Structures are given as structure tokens and as C-alpha cells.
Amino acid sequence: MQNNFIEYLKDKNVLLLSYATFCFVTGFICLILSKYSSLQISGISAWIKPFKFFISIGVFAFTMALYLVYLENQRDVTSYCWSFIVCFSMELLLITLQASRGRKSHYNIDTPLDRIIFALMGLSLIIILIHTIFMITLFFTQKQFAVSNEMILAIKLSLIMMILFMLEGFVMIHLFKHTVGANDGSKGIPVLNWSKNYGDLRVAHFFGMHALQIIPLLTFVLANTKRDVYLISALYFVFVTVTLVQAWQGKPFIK
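The sections below set out a description of the structure shown in this document. (Residues numbered from 1 in each chain as written. Predicted model: local features only at pLDDT ≥ 70, side-chain atom pairs only at ≥ 80, totals over all residues. Heavy atoms only, no water.)

With respect to the helices and strands, the residue Tyr19 is situated in helix H2 (residues 14-36). Of the residues examined, Tyr19 reaches a relative accessible area of 6% and is grouped as buried. If near-sequence neighbours (up to four positions away) are discounted, Tyr19 is found in contact with Ile57, Ala61, Phe84, Ile85, Phe88, Ser89 and Leu92. (Helix = DSSP H or I, 4+ residues; strand = E, 2+ residues; numbered from the N terminus. Buried < 20%, exposed > 50% of the residue type's maximum accessible area, 1.4 Å probe, protein only. Contact = heavy atoms within 4.5 Å.)

Attention shifts here to the side chain of Thr63. Mapped onto the fold, Thr63 is located in helix H3 (residues 48-67). Sequence-distant contacts of Thr63, defined by excluding residues within four places in its chain, comprise Leu212 and Gln213.

On to a nonpolar patch on the surface. Together, Met90, Leu113, Ile116, Leu120, Leu123 and Ile127 make up a nonpolar patch on the protein surface, roughly 490 Å² of accessible area in all. Tallying contributions element by element places helix H5 (residues 112-141) first for the nonpolar patch, with five residues. By relative accessible area, Leu120 is classed as partly exposed at 34%. (Patch = residues over 30% accessible without salt bridge, like charges linked within 9 Å, V, L, I, M, F, W, Y side chains within 5 Å. Areas by Shrake-Rupley, 256 points an atom, 1.4 Å probe, with all protein chains shown as cover. Salt bridge = Lys/Arg side-chain N within 4 Å of Asp/Glu carboxyl O.)

Next up on the list: the layout of surface pockets. It is a probe the size of a water molecule, rolled over the atoms, that shows where empty space is left. Put simply, the largest pocket is a space of about 900 Å³. Those elements that provide at least two residues to the lining of the largest pocket are H3, helix H4 (74-101), H5, helix H6 (149-175), helix H7 (202-209) and helix H8 (211-222). It is H3 that contributes the most residues to the lining of the largest pocket, nine residues altogether. Among the residues making up the lining of the largest pocket, the classes are represented as 23 nonpolar, eight polar and four charged. Its boundaries defined by the atoms lining it, the second largest pocket holds a volume of some 460 Å³. Lining of the second largest pocket is provided by 30 residues; of these, Ser42, Lys49, Lys104, His178 and Asn193 occupy positions nearest its centre. Elements supplying a minimum of two residues to the lining of the second largest pocket: strand E2 (44-45), H3 and H4. The residue makeup of the lining of the second largest pocket, split by class, is ten nonpolar, twelve polar and eight charged. (1 Å grid on protein atoms, 1.4 Å probe; cavity = no way out; pocket = protein on both sides within 12 Å on 5 of 7 lines; lining within 4 Å. Points joined across faces, edges and corners; volume = space filled by probe spheres on them. Nonpolar A, V, L, I, M, F, W, Y, C, P; charged D, E, K, R; others polar.)

Here the focus is the side chain of Ser195. Within the secondary structure layout, Ser195 lies in the loop between strand E3 (179-180) and strand E4 (199-200). A polar side-chain atom of Ser195 sits 3.2 Å from the main-chain amide nitrogen of Asn197. (Polar contact = N/O pair within 3.5 Å; in protein donor to acceptor, adjacent residues only side chain to side chain.)

The final tally for this structure, using the stated rule, is 19 aromatic pairs. A centroid spacing of 5.1 Å and a plane angle of 65 degrees characterise the contact between Phe60 and Phe84, whose relative ring orientation is edge-to-face. Of the two residues, Phe60 is situated in helix H3 and Phe84 in helix H4; the sequence distance between them amounts to 24 residues. Looking at Phe84, the relative accessible area reads 0%, which means it is buried. Here the aromatic rings of Trp194 and Phe206 are separated by 5.4 Å at their centres, their planes lie at 70 degrees, and the arrangement is edge-to-face. In this pair, Trp194 is assigned in the loop between E3 and E4 and Phe206 in helix H7, connecting sequence segments twelve residues apart. For Trp194, a relative accessible area of 6% translates into the label buried. (Phe/Tyr/Trp six-rings, centres within 6.5 Å; stacked < 30°, edge-to-face > 60°.)

A separate point is the pattern of salt bridges. Taken as a whole and judged by the stated rule, the model has four salt bridges. Among the salt bridges present, the one from Arg103 reaches Asp114, with a minimum N-O distance of 2.3 Å. A residue pair is termed long-range when its members are at least 10 positions apart, and Arg103 in the loop between H4 and H5 and Asp114 in helix H5 qualify at eleven residues. Looking at Arg103, the relative accessible area reads 25%, which means it is partly exposed. Asp114 sits in the buried class, given a relative accessible area of 1%. Here Arg202 ties to Asp200 by a salt bridge, and the two come within 2.8 Å at their closest N and O atoms. With respect to burial, Arg202 and Asp200 carry one shared label: buried. Linked through salt bridges whose partners overlap, the residues forming this network are Arg101, Arg103, Asp110 and Asp114.

Spelled out as C-alpha cells, the structure:
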């Protein structure tokens, strides 16, 4: 099975697969540091946030490596891959830098350096967001794909949903926090640290972003027709929207 998986990956995007591997390895290092370092931010290990971001971006890179091979315009794909690597490396570097300083990376403008770091993170995300939207248009304008109609539909719908809930991140930036009903820093669930007492906008952000993996996976397992794909996508969208409404009402996802 391991050999079959390696063979499956051979024709996928090498740049993003390599970058995903780097993110997973570095994320594991951050996890180890979280166990042995006494450095904390808002009551939890400073290395938990870099760990989460390295793993999440690694999953994103791995997923896009699988999907982008279906596009005919590989020149644009290569350009996007480098944009992806540069922009997310900038964000990960700054998050890790702030963790090493014992400083919050998000919503932190306490000092001139903190303001510069937060602004650079926002700029990198805006650039990759715009470039990702451009790549999505290629999926919708291309006529033929070397994959089933059901799967390409699932990829298209999941990309749209991912962008919608990626934009939710800018709502949190506008609010300068992710907790509804209290300031950030309340007691949270393990690892993800979603608030156990108040609404947390990161829940919908998380599930919406990971529609990119979940909808195609459910399509592969459950769908036989395009109608099935639309139904799966609609139900998942309703679920994520419910978590968003719940957060805005100040209610925790898990108590």
C-alpha cells in the first residue's frame, strides 16, 4: 500500500508536495517544543500556534498539489506554487518569530515591531487569496479534466467554500479578536483552543477552510452523481454556517 501511495504521488505537484513535507516536519518540531518549553502566551504554550499553522498550511499545500495537476495551464500553476510558498513562508516565519519572543502574532499592535509583523502577515494573506481566486477561475473556465465530473465538481465547490470562509479571517481582523462575548484568552478545548465558554469565530473558519479536503473526500466515498455532490456540499455548507451563527450568538461549539 505504501508503494502504491508513492506511485500515486509521482505525477502530482512536486513543489507543493515538498513544501507540505517541510510544513509537517516543522510542525512536529513545534509540537515537541510545546512539550519542553516553558514559554507561554495567554496561558498556553507559545509553540502551539506555530504547530497548528504549520500543519494546517501543510494540509492545504498537500491538497492543492493533488488538485492542480488537473489544470492544463501548468505555467500558471507553477507561478501559483511559488506565490503559495513565498506568502505562507512569510506568515509562518512571522508567527514562529512572535512565538519565540513570547508575543502574540495576531491582533497585536502593542509595539511598532508588532504592528509591522501583523501588517506583513495580512499582506501575505491578501496576495495568496487573490492568486487563489485566480486559480479557481481556471477550474471553471477549463472544459475537460482527467478526473470524473463528480470529483471536479466537488473540487470546484470546495474551493468556493474555502474562499468564503477564508474571507471570514478578515472579519476577525476587523474585530481584532475571534471570541464573541468576551476578550480572547478564555478557557479553550485542547490543541485547537476554541473557547469553551463563548462564541469562537475560528470554528467556522476552520471547518470552512477544510471543506477543501472534506467535500472531495465525502464525494469519493458517497457520491455517484452530480446531484449527490450538490447535496453533500449543501449539507456541509449548512453545518459550517450553523457554527458561524452559533459563534455570533456567543455560544461555544463545545463546552
